[in-house]
Amino acid sequence: MLSPRPEVAALKSCYHGGPNYAEFERLGIRPEEVIDFSSNSNPYPFRLDFSIDDVVIDHYPDSDSTDLRRLIAAENGVKPSNVIVGSGSMEVIRLIAQAYLSQSDRVLICKPTFGEYEIACRIAGAQVIDLWAEERFCFRFDARRVAALIQNLQTKAVFICNPNNPTGQYLSLSEIEHVLEVNPSCLLVLDEAYIAFTKNSWDSMDLHSHRNLVIIRSMTKDYALAGLRLGYAIADESIIANLEKVKPPWNVNAIAQRAGIQALRDKRYLNRSERLVKRGRDYLINELSAMGFHIVPTMTNFFLMGVDDAKIFRSKLLIKGLIVRDCTSFGLPQYVRIAPRTLPECRRLVHAIKSRD
């Protein structure tokens, strides 16, 4: 019998929530009528100023995303050799694991968090060590515990989502520096997919010269480009060179590259949508708190809300054409994650929650 590698055979798929079209069909729900509060991306569509006819699609795209890479570098005050562009930040995560991890390596993952870190590590055959944040501290990671484990277990890498998905917690510059400096041989993967919507954020580019740090960003989240897939990493030149060795050629298509360039040049879009997203988030938090729900404090656009049973809570809203993120897959079966949409859509969600029974 033909079998895959043991690491793949033992792998469990990572649940991501979001629209499930087979589920919609089973329930008789039209996909175009569903409002998705489970996706923590920018809810305001980014309008492209070009059509597909304006893009050369009968040639392979630039394998290095050169123009986009230069623009990302300029925006962040680094050199193009410090940047790699991926088909979404998820591809960058896979590249890191492929380039740096093997069966003999221990990897620390701060949880609850994005499940793809673990998937990438397990595909590489690495041993995953979980460090769980405590509910009584609003699921905030303890940087001292992280540093102690790195030192005691001699981990090869540590994954920290900052601000964290799904909890919205955010570590300070000094806390990240402490983790970085405890062992220069341990690679810190700092995922800043939600940094654009983060209150009082600090500039991680001040740390990019560390030779054991990779900073990941998601243009998918910032600019509502989920259908195109765009993300990037910033790191020391030696790390980027290693990631390029395992990067597939032509990994970012021509349309995505052009959309990314337009997005980075449009300063007003992100500033405007950031204000609107904050207004929607604050409205939801205030209304749901007034209804008696426990809201976990957050530093970014989405938030956790305590419920009796996340699966049942989600199901009751789905029947009404609304999706929230059941956090059972994060290990939090009594929480849902909610990200704001437009204010009228947020009002509809509040009304549906009030009348869900």
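Residue positions are counted from 1 within each chain, in the order its sequence is given. A pLDDT threshold of at least 70 governs which residues receive local features in this predicted model, and a stricter bar of 80 or more applies before side-chain atom pairs are shown or counted, although totals over entire chains, interfaces and linings include all residues. The side-chain figures draw on all heavy atoms in the structure; neither hydrogens nor water molecules are used.

- Going by what an unreviewed UniProt entry lists, the chain is known as Aminotransferase and is assigned to Dehalogenimonas sp. 4OHTPN.
- UniProt positions are given in the numbering used here, feature names are shortened, and annotations may be inferred rather than shown by experiment. Turning to the chain, the UniProt record has this under Sequence similarities (unreviewed entry): "Belongs to the class-I pyridoxal-phosphate-dependent aminotransferase family."
- Heading Cofactor (unreviewed entry) of the UniProt record for the chain holds this comment: "pyridoxal 5'-phosphate".

**A short note on the packing of helix α11 (residues 267-290) against helix α13 (residues 343-354)**
Part 1: The axes are straight lines fitted to the C-alpha atoms, using for helices just the contacting stretch, and the angles between their N-to-C directions are given from 0 to 180°. Put simply, DSSP marks the helices as runs of H or I at least four residues long and the strands as runs of E at least two long, and each gets a number from the N terminus on. The geometry of α11 relative to α13 is characterised by a closest axis approach of 9 Å and an angle of 20° between their N-to-C directions. The angle between α11 and α13 places the two elements in the roughly parallel class. Handedness of the α11/α13 crossing: right-handed. Between α11 and α13, the contacting residues are Arg279, Gly280, Tyr283, Leu284, Glu287 and Leu288 on the first element and Leu343, Cys346, Arg347, Leu349, Val350, Ile353 and Lys354 on the second.
Part 2: The residue classification treats Ala, Val, Leu, Ile, Met, Phe, Trp, Tyr, Cys and Pro as nonpolar and Asp, Glu, Lys and Arg as charged. All others, Gly included, are polar. Here the residues of the contact of α11 with α13 are counted per class, giving eight nonpolar, one polar and four charged. An angle below 35 degrees is treated as roughly parallel, one above 145 as roughly antiparallel, one from 65 to 115 as roughly perpendicular, and anything else as oblique. By definition, any crossing whose near helix is turned counterclockwise from its far helix by less than a right angle is left-handed, and any crossing with a clockwise turn is right-handed. By definition in these notes, contact holds between two residues if any of their heavy atoms fall within 4.5 Å.

**Some words on the packing of helix α4 (residues 89-100) against helix α9 (residues 237-246)**
Part 1: It is at 9 Å that the axes of α4 and α9 come closest, and there the two elements cross at 95°. Judged on the interaxial angle alone, α9 and α4 are roughly perpendicular. Between α4, through Leu95, Ile96, Gln98, Ala99 and Tyr100, and α9, the contact on the second element is made entirely by Ser238, Ile239, Asn242, Leu243 and Val246.
Part 2: Classifying every residue of the contact of α4 with α9 by side-chain character gives seven nonpolar, three polar and no charged.

**Focus on α13**
Side chains that are three or four residues apart share a direction in an α-helix, a result of its 3.6 residues per turn.
Part 1: Helix length check: α13, at twelve residues, gives a terminal C-alpha distance of 17 Å against a target of 16 Å (1.5 Å per residue), a fit within 8%.
Part 2: Looking at α13, one finds that the buried residues are Leu343, Cys346, Leu349, Val350, Ala352 and Ile353.
Part 3: The secondary structure elements touched by the buried residues of α13 are α11, β9 (303-306), α12 (310-318), β10 (322-323) and β12 (335-338). A helix is expected to span 1.5 Å for every residue after the first. Note on exposure labels: buried denotes an accessible area under 20% of the residue type's maximum, exposed denotes more than 50%, and partly exposed covers the range between, all computed with a 1.4 Å probe on protein chains only.

**A look at the environment of His208**
Part 1: One can find His208 in the loop between β6 (187-191) and β7 (213-218).
Part 2: Residue classification places His208 among the buried positions, given a relative accessible area of 19%.
Part 3: The sequence separation of His208 and Asp236 amounts to 28 residues, and the corresponding C-alpha distance is 6.6 Å.
Part 4: If near-sequence neighbours (up to four positions away) are discounted, His208 is found in contact with Val78, Asn82, Leu213, Ile215, Ile234, Ala235 and Asp236.
Part 5: Polar contacts involving the side chain of His208 include one to the main-chain carbonyl oxygen of Met205, which spans 3.0 Å. Any pair of nitrogen or oxygen atoms within 3.5 Å is treated as a polar contact; in protein, a donor-acceptor pairing is required on top of that, and neighbouring residues in sequence qualify only through side-chain atoms on both sides.

**Here's the deal with the pattern of salt bridges**
Part 1: Salt bridge criterion: a side-chain nitrogen from Lys or Arg within 4 Å of a carboxyl oxygen from Asp or Glu. Inspection of every chain in the model, using the stated rule, returns 23 salt bridges.
Part 2: Of the charged contacts, one joins Asp64 and Lys247 as a salt bridge, the two residues approaching to 3.5 Å between their closest N and O atoms. In this pair, Asp64 is assigned in the loop between β1 (35-36) and α3 (66-76) and Lys247 in the loop between α9 and α10 (254-265), connecting sequence segments 183 residues apart.
Part 3: The buried category is assigned to Lys247, whose relative accessible area is 12%.

**A word on the packing of aromatic side chains**
Part 1: In summary, the pairing rule links any two rings of Phe, Tyr or Trp, Trp by its six-membered ring, whose centres are within 6.5 Å, and it sorts them by plane angle into stacked for under 30 degrees, edge-to-face for over 60 and tilted for everything else. Going through the model one piece at a time under the given rule, you end up with ten aromatic pairs.
Part 2: Pairing Phe114 with Tyr117 gives two aromatic rings, centres 5.5 Å apart and planes at 85°, and the pair type is edge-to-face. Tyr117 shares its class with Phe114; the two are buried.
Part 3: Chaining the aromatic ring pairs together yields one cluster made of Phe46, Tyr223 and Tyr269.
Part 4: We count a charge as sitting over a ring when the NZ of a lysine or the CZ of an arginine lies within 6 Å of the ring centre and within 35 degrees of the ring normal. The ring of Phe50 has Arg258 sitting right over it, with the charged end atom 4.7 Å from the ring centre.

**Concerning a positive patch on the surface**
Part 1: Think of a patch as exposed residues, more than 30% relative accessible area, with no salt bridge, where like charges cluster within 9 Å and nonpolar side chains (Val, Leu, Ile, Met, Phe, Trp, Tyr) cluster within 5 Å. Here the open area of atoms and residues is found with the Shrake-Rupley method and a 1.4 Å probe, where only the protein chains shown may cover a residue. Working convention for charge: Lys and Arg count positive, Asp and Glu count negative, and His plus the chain ends are omitted. In this description, the location of a charge corresponds to atom NZ of lysine, CZ of arginine, CG of aspartate or CD of glutamate. Together, Arg272, Arg275, Arg279 and Arg347 line one region of the surface with positive charge.
Part 2: It is α11 that contributes the most residues to the positive patch, three residues altogether.
Part 3: Structurally, Arg272 is set in helix α11.

**So, the sheet that holds strand β11 (residues 325-326)**
Part 1: Taken in spatial order, the three strands line up as β9-β12-β11 in an open sheet, and their pairing is antiparallel. Of all the strands in the sheet, just β9 and β11 have a single pairing partner and so form its edges.
Part 2: Sheet topology note: the β11/β12 ladder contains two bridges and is antiparallel. Residue Arg325 lies in a different strand from β12, and its bridge partner there is Arg337. The pairing criterion for strands is at least two bridges between them, as found by DSSP.

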